[in-house]
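Next come the chains, spelled out residue by residue.
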Amino acid sequence: MIWKRSAVLRFYSVCGLLLQGSQGQFPLTQNVTVVEGGTAILTCRVDQNDNTSLQWSNPAQQTLYFDDKKALRDNRIELVRASWHELSISVSDVSLSDEGQYTCSLFTMPVKTSKAYLTVLGVPEKPQISGFSSPVMEGDLMQLTCKTSGSKPAADIRWFKNDKEIKDVKYLKEEDANRKTFTVSSTLDFRVDRSDDGVAVICRVDHEALNATPQVAMQVLEIHYTPSVKIIPSTPFPQEGQPLILTCESKGKPLPEPVLWTKDGGELPDPDRMVVSGRELNILFLNKTDNGTYRCEATNTIGQSSAEYVLIVHDPNALAGQTGPDHALIGGIVAVVVFVTLCSIFLLGRYLARHKGTYLTNEAKGAEDAPDADTAIINAEGSQVNAEEKKEYFI
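Since we're looking at a predicted model, the values are computed, not measured. (Residues numbered from 1 in each chain as written. Predicted model: local features only at pLDDT ≥ 70, side-chain atom pairs only at ≥ 80, totals over all residues. Heavy atoms only, no water.)

Turning our attention to the side chain of Thr262. Note that Thr262 resides in strand β21 (residues 260-263). Thr262 has contacts with Leu268, Thr293, Tyr294 and Arg295, leaving out every residue within four places of it along the chain. (Helix = DSSP H or I, 4+ residues; strand = E, 2+ residues; numbered from the N terminus. Contact = heavy atoms within 4.5 Å.)

Okay, here's the thing in structure tokens:
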């Protein structure tokens, strides 16, 4: 009797431990975020389980799976893994209506539950740019609008021009009819000039559902503007007898063609020597009568512009004289060197001659006071006798 009582006590003790173990366990779940159209995996885990059932139910409290048994007829919902410790299911082709709170239940006494929130991201549609009508005139105010719909949460729109972001824009967010997604628009205002012609303006949509690959829309600008004109001569020093080509460089949109050449406000005086080919004026065999002001005029549908070039025909000989300053400088230097050399030779000759005269005068000093030639000779001879006394030293 005592044995039976102890056995019963042990039985209830074991059952109590098992019951306590199962009651102490809670299912573990995690929130899930998925892009619309993707697949969501819902996982529920229990560390210790004594054969207690697990169940997944949707936000409408409809049972999806009870252990490994499918309860809801929905082909998008499939079993991934079912065991005493885990129940995982997948929901494919997820739509915005699938978003909500899903419940995993562990059937203990009492039942324990864990919540997992499924967030569905709405993918923004490809953006569209509106407001551009081609062409646009230089100086006009342009207003471009970029719009995208279907984003959840609301997408971000950014503008770029010449790869440089434009910050000063307007932004508008509106809720769509389904009250789940948003339509976002952004407006860019700026005044155009000729430098904007051919420039690509880009609208970029950033959103977490795009996996770091933004969607873009691009609009290439076409700006019409009046011509700009410049005359370029083929040589900086036109010379008589040589040819000259004047090129009229004109830029504008639409492109001005052809250009009009005039001289001193009238027609070209000598069509045989002054030939116009496209934008070039070719003057053959320049002479002094070609001097004057030449004007190039370019016109398109937007306006007109012109440039002038004053032609001065130079004498080749005069130019040769003007281009020889180096020879004159060299000749001057040579003349100075020759002059200095001659002066040096002259001064040296005078110096030597002066010293020689002094020597001869001292040698003949004894004959200065002689009354006649014989006496002078005698005195000169006598001076040789006393030569030791009349020595002169030259240094």
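The six strands lie next to each other as β1-β9-β8-β3-β4-β5, forming an open sheet whose pairing is mixed. Strand pairing shows two members of the sheet lacking a second neighbour, β1 (32-35) and β5 (69-70), which therefore form its edges. With two bridges connecting them, strand β4 (residues 63-66) and β5 associate as antiparallel partners. Its bridge partner being in β5, Phe66 is matched across the sheet by Lys69. (Pairing = 2+ DSSP bridges.)

This part takes up the state of the cysteines. Across all of its chains, the model carries three disulfides by this definition. The disulfide that involves Cys44 links it to Cys104, with 1.8 Å between the sulfurs. Of note, the bridge from Cys44 to Cys104 carries an S-S torsion of about -75° and is left-handed in sense. Taken together, the positions of Cys44 in strand β2 (residues 40-45) and Cys104 in strand β8 (residues 100-106) put the pair 60 residues apart, joining distant regions of the chain. Using a relative accessible area of 0% as the deciding quantity, one classes Cys44 as buried. (Disulfide = S-S within 2.5 Å. Buried < 20%, exposed > 50% of the residue type's maximum accessible area, 1.4 Å probe, protein only.)

Bringing the nonpolar core into the picture now. Residues Leu54, Trp56, Ile89 and Leu118 are the most contacted members of the largest nonpolar core, which totals 22 residues. Counting only elements with at least two residues in this core, the list comes to β1, β2, β3 (54-57), β4, β7 (86-91), β8 and β9 (112-121). The next biggest cluster of nonpolar side chains, apart from the first, holds 19 residues, and it includes Leu281, Cys296, Ala307 and Val313. (Core = buried A, V, L, I, M, F, W, Y, C linked by side-chain atoms within 4.5 Å.)

Before going further, it helps to spend a moment on the packing of aromatic side chains. Overall, the coordinates contain one aromatic pair when judged by the stated rule. Residue placement shows Lys112 over the ring face of Phe26; its charged tip is 5.3 Å from the ring centre. Positioned over the ring face of Phe182 is Lys173, at 5.3 Å from the centre of the ring. (Phe/Tyr/Trp six-rings, centres within 6.5 Å; stacked < 30°, edge-to-face > 60°. Lys NZ or Arg CZ within 6 Å of the ring centre and 35° of its normal.)

Moving on: the sheet that holds strand β6 (residues 77-82). Spatially, β2-β7-β6 is the arrangement adopted by the three strands of the open sheet, whose pairing is antiparallel. Two strands in the sheet have a free side with no partner beyond their single neighbour: β2 and β6. The average undirected angle you get between the axes of adjacent strands in this sheet is 20°. Direction of pairing for β2 relative to β7: antiparallel, over a ladder of six bridges. Within β7, the residue paired with Thr43 across the bridge is Ser88. (Axes fitted to C-alpha atoms, helices over the stretch in contact; angles between N-to-C directions.)

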